[in-house]
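The lines below spell out each chain.
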Amino acid sequence: MTSAGTDSGGLRIIEARDRTTVKDFLRLPERLYADDPAWVPPLHLEQRQRVFHNHPLFEHSEVRAWVAYRGDRPVGRITAQLDRLQPPVEGDRLGYFGMLEAEDDAAVFAALLETAQDWLRTQGAARIRGPYNLSINEEIGLLVENFEDPPYIMMGHARPWYQARLEEQGFAGVKDLLTYTVRPDFTAPEVMQKLARRALRRVRIRPLDRRRKAADFEAMRDIFNDAWSGNWGFVPFTRAEFAEVAKMLTLLLDHDYVQIAEIDERPVAFIVALPNINEAIRDLNGRVLPLGWARLLWRLKVRRPRTTRVALMGVRREHQFSRLGPTLAFLVIDAVREAMIKRGVQTVEMGWILEDNAGMRHIIEAIGSRIYKRYRVYQKSL
């Protein structure tokens, strides 16, 4: 191991490459969150795959990971990413940081963040944004409100001091992301029900067709990339990345947890609800061997989680600014909630949603949703 930098407090920042540093990178949160009842230990195999063997992401992104040591003790970690699909921001190349975890020590945060910034400067980046774990299509944002309740699947957790430590290093918030929770047995406003009944004269809502799932998943990727293309921070899903998503969805989901809206047999909107795996893995301590897999499968397929998350959703841009756009969104939401009710789901998280996305927030709040958590994306000039 070689040190990438040392400060007067004896800190060493070492790139996570060998067996020891990779293990320290992955296991550090176990100690940092040991006394936090809201933390859900992620599965070690999934985390290792995401950070160190994420081949679809690596096709268009460079990723580096580091661990901070004081003596032989790991005290922090961070990644830096440069995504070739990320458009310039005000003419500047944008880099990311992510997977940030550290003890409540200003020197540790300063050393980690400076290491990530130094590497991004060498790659030609003029701005840094994050946390992205590891892209905008995965976990993003720093938790800044509601540390008491556990996160849902594919949403992050944090310690309350992270916000202040980031801001001490000159990072400023550029966008807030919200998640909402709602009971699936909500009663929609009559005006929404009326619009839905009228739209169903020309719109067909159907679940995923497993016999032609490859075509359905490609249609979903196409809708998502079209629907979100004008949104803040957008980076498209590649075919390889969405193929990995499709593998996960095929393994985890019942077919009616995916709903697709069609007009004249053309897919124009979709929604995906994920069983909240965090509910099922919370007591596995990140380990699926030797018996963890059996427990997890039983909990997902037999006992079934009582919480779910709407993780993917999109309406084609050609409909977004018409009366039909919000109606399509409501129709797929309404269809997937029927599948949830059948399986005894009690609470659904919807999000993330940009705080300034007034249209989508209006739809979600109209069905009785309440804000559950707030995440913040930070940025700094290099």
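See the structure printed just above.
Parameters and conventions
- Residues numbered from 1 in each chain as written.
- Predicted model: local features only at pLDDT ≥ 70, side-chain atom pairs only at ≥ 80, totals over all residues.
- Heavy atoms only, no water.
- Helix = DSSP H or I, 4+ residues; strand = E, 2+ residues; numbered from the N terminus.
- Rg over C-alpha atoms; globule rule 2.2 N^0.38 Å.
- Buried < 20%, exposed > 50% of the residue type's maximum accessible area, 1.4 Å probe, protein only.
- Phe/Tyr/Trp six-rings, centres within 6.5 Å; stacked < 30°, edge-to-face > 60°.
- Polar contact = N/O pair within 3.5 Å; in protein donor to acceptor, adjacent residues only side chain to side chain.
- Contact = heavy atoms within 4.5 Å.
- Salt bridge = Lys/Arg side-chain N within 4 Å of Asp/Glu carboxyl O.
- Patch = residues over 30% accessible without salt bridge, like charges linked within 9 Å, V, L, I, M, F, W, Y side chains within 5 Å.
- Areas by Shrake-Rupley, 256 points an atom, 1.4 Å probe, with all protein chains shown as cover.
- Lys, Arg positive; Asp, Glu negative; His and termini not counted.
- Charge placed at Lys NZ, Arg CZ, Asp CG, Glu CD.

## Describing the overall build of the protein chain
Turning to step 1, where the next piece is worked out: The helix and strand inventory of the protein chain stands at 13 helices and 15 strands.
Turning to step 2, where the next piece is worked out: Relative to a compact globule of 382 residues, whose C-alpha radius of gyration would be 21 Å, the protein chain shows 21 Å and is just as compact.
Turning to step 3, where the next piece is worked out: The principal-axis extent of the C-alpha atoms belonging to the protein chain is close to 70 × 50 × 35 Å.
Turning to step 4, where the next piece is worked out: Expressed as a percentage of the 382 residues in the protein chain, the buried residues total 56%.

## A few points about the packing of aromatic side chains
Turning to step 1, where the next piece is worked out: Taken as a whole and judged by the stated rule, the model has twelve aromatic pairs.
Turning to step 2, where the next piece is worked out: Their ring planes at 80° and their centres at 5.5 Å tell us that Phe25 and Phe52 sit as a pair that is edge-to-face. With Phe25 in helix 1 (residues 19-32) and Phe52 in helix 2 (residues 44-52), the pair connects residues that are 27 residues apart, well separated along the chain.
Turning to step 3, where the next piece is worked out: By relative accessible area, Phe25 is classed as buried at 0%.
Turning to step 4, where the next piece is worked out: Note on Tyr33 and Trp39: the rings are 5.2 Å apart at their centroids and 10° apart in plane angle, and the pair reads as stacked.
Turning to step 5, where the next piece is worked out: Judged by its relative accessible area of 1%, Tyr33 is buried.
Turning to step 6, where the next piece is worked out: Looking at Trp39, the relative accessible area reads 14%, which means it is buried.
Turning to step 7, where the next piece is worked out: In this structure an aromatic cluster arises from ring pairing among Phe224, Trp228, Phe237, Phe242 and Trp352.

## Some points on the side chain of Lys175
Turning to step 1, where the next piece is worked out: Of note, Lys175 is situated in strand 9 (residues 172-182).
Turning to step 2, where the next piece is worked out: A distance of 2.8 Å separates the side chain of Lys175 from the side chain of Asp356, its partner in a polar contact.
Turning to step 3, where the next piece is worked out: Beyond its immediate sequence surroundings of up to four residues, Lys175 is in contact with Trp232, Leu354, Asp356, Tyr375, Arg376 and Val377.

## Examining the pattern of salt bridges
When the charged atoms of two side chains with opposite charge come close together, those side chains can pair.
Turning to step 1, where the next piece is worked out: As enumerated under the stated definition, the model contains 43 salt bridges in all.
Turning to step 2, where the next piece is worked out: Two residues, Arg50 and Glu46, come together in a salt bridge whose shortest N-O distance is 3.4 Å. Of this pair, Arg50 and Glu46 both sit in helix 2, four residues apart, roughly one helical turn.
Turning to step 3, where the next piece is worked out: The buried category is assigned to Arg50, whose relative accessible area is 9%.
Turning to step 4, where the next piece is worked out: Across the salt bridge formed by Glu262 and Arg204, the nearest N and O atoms sit 3.1 Å from each other. Of the two residues, Glu262 is situated in strand 11 (residues 258-263) and Arg204 in strand 10 (residues 203-207); the sequence distance between them amounts to 58 residues.
Turning to step 5, where the next piece is worked out: For Glu262, a relative accessible area of 5% gives the class buried.

## Some thoughts on a positive patch on the surface
Turning to step 1, where the next piece is worked out: On the surface, Lys194, Arg198, Arg201 and Arg323 cluster together into a patch of positive charge.
Turning to step 2, where the next piece is worked out: Looking at the secondary structure, you find Lys194 in helix 6 (residues 190-199).
Turning to step 3, where the next piece is worked out: For Lys194, a relative accessible area of 46% puts it in the partly exposed group.

## Some details on unusual backbone geometry
Turning to step 1, where the next piece is worked out: Here the bond from Gly130 into Pro131 is cis, since omega is 0°, no more than 30 degrees from zero.
Turning to step 2, where the next piece is worked out: Relative to the assigned elements, Pro131 resides in the loop between strand 5 (127-130) and strand 6 (132-133).
Turning to step 3, where the next piece is worked out: Residues Gly351 and Trp352 are joined by a peptide bond in cis, for which omega reads 10°.
Turning to step 4, where the next piece is worked out: Looking at the element boundaries, Trp352 is found in strand 14 (residues 347-354).

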